[in-house]
Amino acid sequence: MTVDILLDGLFTGGVYALVALGFVMVFKSSRILNLAYGQMIAISAYVLYWLLTSVEVPTWLGILLLFAFGAALGFLIERLAIRPLLGQSFLVLLMMTLMLGFLFQGIIVLIWGVESFNLPFTPSGMLTIGDWQVSPATTWGFVVCLVVFLLLTLVFRYTKVGLAMRVVAADHEVAQSLGIMVRRIFSLTWVVSGFLAAMVGILVGMVWMVTPDLGDLVLGKGLPVLILGGLDSVPGALLGGLIIGLVEPLGGYWAPGIREIVPWVAMLLILLIRPYGLFGQKDIERI
Amino acid sequence: MFPSGTFNARPEQDIAIVRTKTQWLLLVAGLIFMFTLILYIPLAWQSWLIFVGIYAIAALGVHIMTGLCGQFSMGQAAFMAVGAYTTATLSTRYGVSPWATLPLSGIAAGLAGVIFALPAVRIKGFYLVMSTIAAQFIIVWFLREASWTGGVYGTSVPKITIGGEALNYVQYWWLTLGLVVVAIFFAKNIQRTTTGRTFVAVRDNDKAAEVMGINLFRTKLLAFFIGCFFAGIAGWLWAHFLLYVSPNQFAFKTSLWLLGMIIIGGMGSTTGAVLGVAVIRFMDKLVDELAPVVSAAFPSWSGQVAPALSLIVFATVVIFFILVEPKGLYHRLQRIILYYRLYPFSYHR
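Residues numbered from 1 in each chain as written. Chains lettered and ligands numbered in written order. Predicted model: local features only at pLDDT ≥ 70, side-chain atom pairs only at ≥ 80, totals over all residues.

## Observations concerning the overall build of chain B
Logical step 1: A tally of regular secondary structure across chain B gives 14 helices and four strands.
Logical step 2: Relative to the 2.2 N^0.38 estimate, which gives 20 Å for 349 residues, the radius of gyration of chain B is 21 Å and therefore close to what a compact globule would have.
Logical step 3: Seen through its C-alpha atoms, chain B measures out along the principal axes to roughly 65 × 55 × 50 Å.
Logical step 4: Taken across its 349 residues, chain B has 44% of its residues classed as buried.
Logical step 5: Summarising the internal contacts of chain B: among those between residues at least 6 apart in sequence, 76% fall at separations of at least 24. (Helix = DSSP H or I, 4+ residues; strand = E, 2+ residues; numbered from the N terminus. Rg over C-alpha atoms; globule rule 2.2 N^0.38 Å. Buried ≥ 20, exposed ≤ 12 C-beta atoms within 10 Å, placed from the backbone. Contact = placed C-beta atoms within 7 Å.)

This is how it looks when you write it as structure tokens:
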């Protein structure tokens with residue numbers, strides 16, 4: 001029984017890691033904390049639901065269309081809302097992304113009201129691995145998470161674009177002088193982040209009920225993971241997600257009421273002891 | 001800037017909040033207008049007006065933390081909840097008079113703020129924002145789970161009485177306005193004291209401030225204490241007005257609304273904070289009035305138009321201000337006044 005819970009927590013941690021990854025991608029390159037990300041995920045889940053149930057496209061096409069939607073959403077946010085504010089103080093950008101989140105949530109509530117659902121292709125029943133039973137939805141989340149992190153590591157290590165992104169993350173001026181178009185990289189990271197939001201939207205739509213509060217819920221899981229791993233560290237996001245995923249059910253096991261508060265308390269402790277997270281750069285405090 | 005030929009001849013004139021006789025006259029007239037305003041407006045707007053006052057006090061708290069000291073707080077609603085629950089618990093369970101709980105609510109909220117601001121010494125920027133968001137979620141969670149708070153359903157709060165008679169709406173507005181005036185005066189005045197100037201120094205450059213001998217730790221904690229004290233007072237008013245508190249009233253959203261209000265009004269200005277509250281609350285009221293019309297036009301959305309429009313309008317307005325008028329309404333007001341003062345010589349900027 002206990003192992004089941006831990007395994008489920010670990011697998012859910014994969015989803016958390018993917019959520020945190022979306023923050024890290026944007027933060028690493030442009031030092032912007034995208035607090036609209038939770039709502040980007042929620043709106044992706046709703047759009048997929050709409051595509052599958054109202055437009056009635058086949059599932060595979062719906063998912064493809066959703067990826068296109070996510071990427072376009074990321075691109076548009078960067079171009080219309082973020083680019084005019086580049087170079088301004090961080091609070092301005094933070095408020096901008098927060099307000100975008102409000103806007104998305106308003107649109108969700110306006111169009112879909114208080115409907116709540118799981119995505120139609122959510123697998124039911126339990127999956128048996130060896131002696132243990134886990135939910136198939138979270139298992140999918142974990143597998144997708146591992147694949148995405150592996151792919152990203154490969155991209156960052158072996159492709160030119162990935163290298164350019166790393167240079168931009170390290171130093172904007174150096175990147176500029178090397179002939180890398182920093183703004184294009186910013187744009188690209190937002191597209192990737194939007195794409196990830198679509199992917200997480202699918203997973204989250206299977207793991208949790210989709211409600212208008214989904215965005216806040218996802219944000220509430222993603223931020224502690226982000227702080228634990230370090231704001232600008234890709235492996236940190238993975239490890240942080242898995243740790244929070246494991247710690248959460250442990251807290252719930254100890255006292256059922258505290259489950260939802262465990263990530264926040266963990267985050268406060270990290271902020272007190274090691275504000276830059278497990279893998280974050282120390283100099284980040286100076287921003 | 002003054003019109004040409006006008007100078008401050010004495011230091012008292014330099015530091016005065018209200019400078020000229022005309023301004024005194026305007027101030028008194030404005031105060032009389034505000035105190036009697038509730039008598040002219042329809043009943044449906046009376047509770048709206050009182051809430052403007054309550055939000056104004058909370059927003060002034062954010063103004064002191066964020067606008068003056070540069071410490072971003074996204075948990076103001078939770079600190080309001082601390083104040084509200086302090087008075088609810090003390091007056092319902094222990095029979096303490098609401099008047100006695102007024103300062104206690106403020107102090108309880110202030111102490112809660114200090115506890116969550118403790119990491120603020122080591123961290124800033126994003127990390128501080130995170131810590132205040134954590135405060136928001138942890139406090140509200142605690143109020144929902146703890147046994148003595150009444151859980152999700154909340155708890156009832158007694159009415160405020162004077163000489164055995166409960167306050168009606170009009171009297172409650174006078175009480176609220178009285179507290180708002182005190183809060184505005186305090187916020188305005190603190191900018192002229194050593195404390196306020198220390199806040200501004202920390203906001204503008206904390207390293208330079210530290211080199212000049214300012215104790216960063218104390219200054220930041222003090223800013224949090226004062227800001228959250230205001231939140232506690234607002235929570236006290238909130239609880240005794242609604243006569244009922246529940247954790248859902250103090251959502252994360254409310255904290256962000258307060259932050260949005262001071263951005264719209266103009267960061268770092270007392271007038272701006274109050275202006276922002278009035279504008280945002282007025283727009284929210286308009287949306288409430290408009291929602292039935294919109295739902296009539298689009299029947300398929302009827303149930304959700306009001307909450308959705310309120311979110312969308314607020315977000316759009318703040319985004320508009322961030323993109324087009326980042327310095328806020330107060331800055332624009334200043335420009336207009338300046339234009340009027342310098343009228344024939346409009347060369348200035």
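## Considerations on the overall build of chain A
Logical step 1: If you tally the helices and strands in chain A, you get eleven helices and two strands.
Logical step 2: For 287 residues, the compact-globule formula gives about 19 Å, and the C-alpha radius of gyration of chain A, at 19 Å, lands near that figure.
Logical step 3: Counting only C-alpha atoms, chain A reaches 55 × 50 × 35 Å along its principal axes.
Logical step 4: Taking as baseline every contact in chain A between residues at least 6 positions apart, the subset at least 24 positions apart corresponds to 75%.

## Digging into the packing of helix H3 (residues 59–82) of chain A against helix H4 (residues 90–112) of chain A
Residue and element names in this part refer to chain A.
Logical step 1: As a packed pair, H3 and H4 sit with axes 11 Å apart at the nearest point and diverge in direction by 130°. When the axes of H3 and H4 are compared, the pair comes out oblique. Here H3 and H4 pass one another in a crossing that is right-handed. In contact with Ile77, Ala81 and Ile82 of H3, H4 contributes Leu93, Met96 and Leu100.
Logical step 2: Taken together, the residues of the contact of H3 with H4 break down into six nonpolar, no polar and no charged. (Axes fitted to C-alpha atoms, helices over the stretch in contact; angles between N-to-C directions. Parallel < 35°, antiparallel > 145°, perpendicular 65-115°, else oblique. Left-handed = near helix turned anticlockwise from the far one by under 90°. Nonpolar A, V, L, I, M, F, W, Y, C, P; charged D, E, K, R; others polar.)

## So, the interface of chain A and chain B
Logical step 1: Each partner contributes residues to the interface: chain A has 37 residues there, and chain B has 36 residues.
Logical step 2: For the side of chain A that touches chain B, the secondary structure elements donating two or more residues are H4, helix H9 (214–229) and helix H11 (262–273) of chain A.
Logical step 3: Per-element accounting of the side of chain A that touches chain B gives the leading share, 15 residues, to H4(A).

## Focus on the environment of A:Gly229
Logical step 1: Turning to its location among the elements, A:Gly229 is positioned in helix H9.
Logical step 2: For A:Gly229, the residues in contact, after removing those within four places along its chain, are A:Ala20, A:Gly236, A:Ala237, A:Leu239, A:Gly240, A:Gly277, A:Leu278 and A:Phe279.

## Let's talk about the confidence of the model for chain A
Logical step 1: When the pLDDT values of chain A are averaged, the result is 85; 97% of them are 70 or greater.
Logical step 2: For chain A, the element scoring lowest by mean pLDDT is strand E1 (residues 127–129) of chain A, at 75; H3(A) scores highest, at 92. (pLDDT = per-residue confidence, 0-100.)

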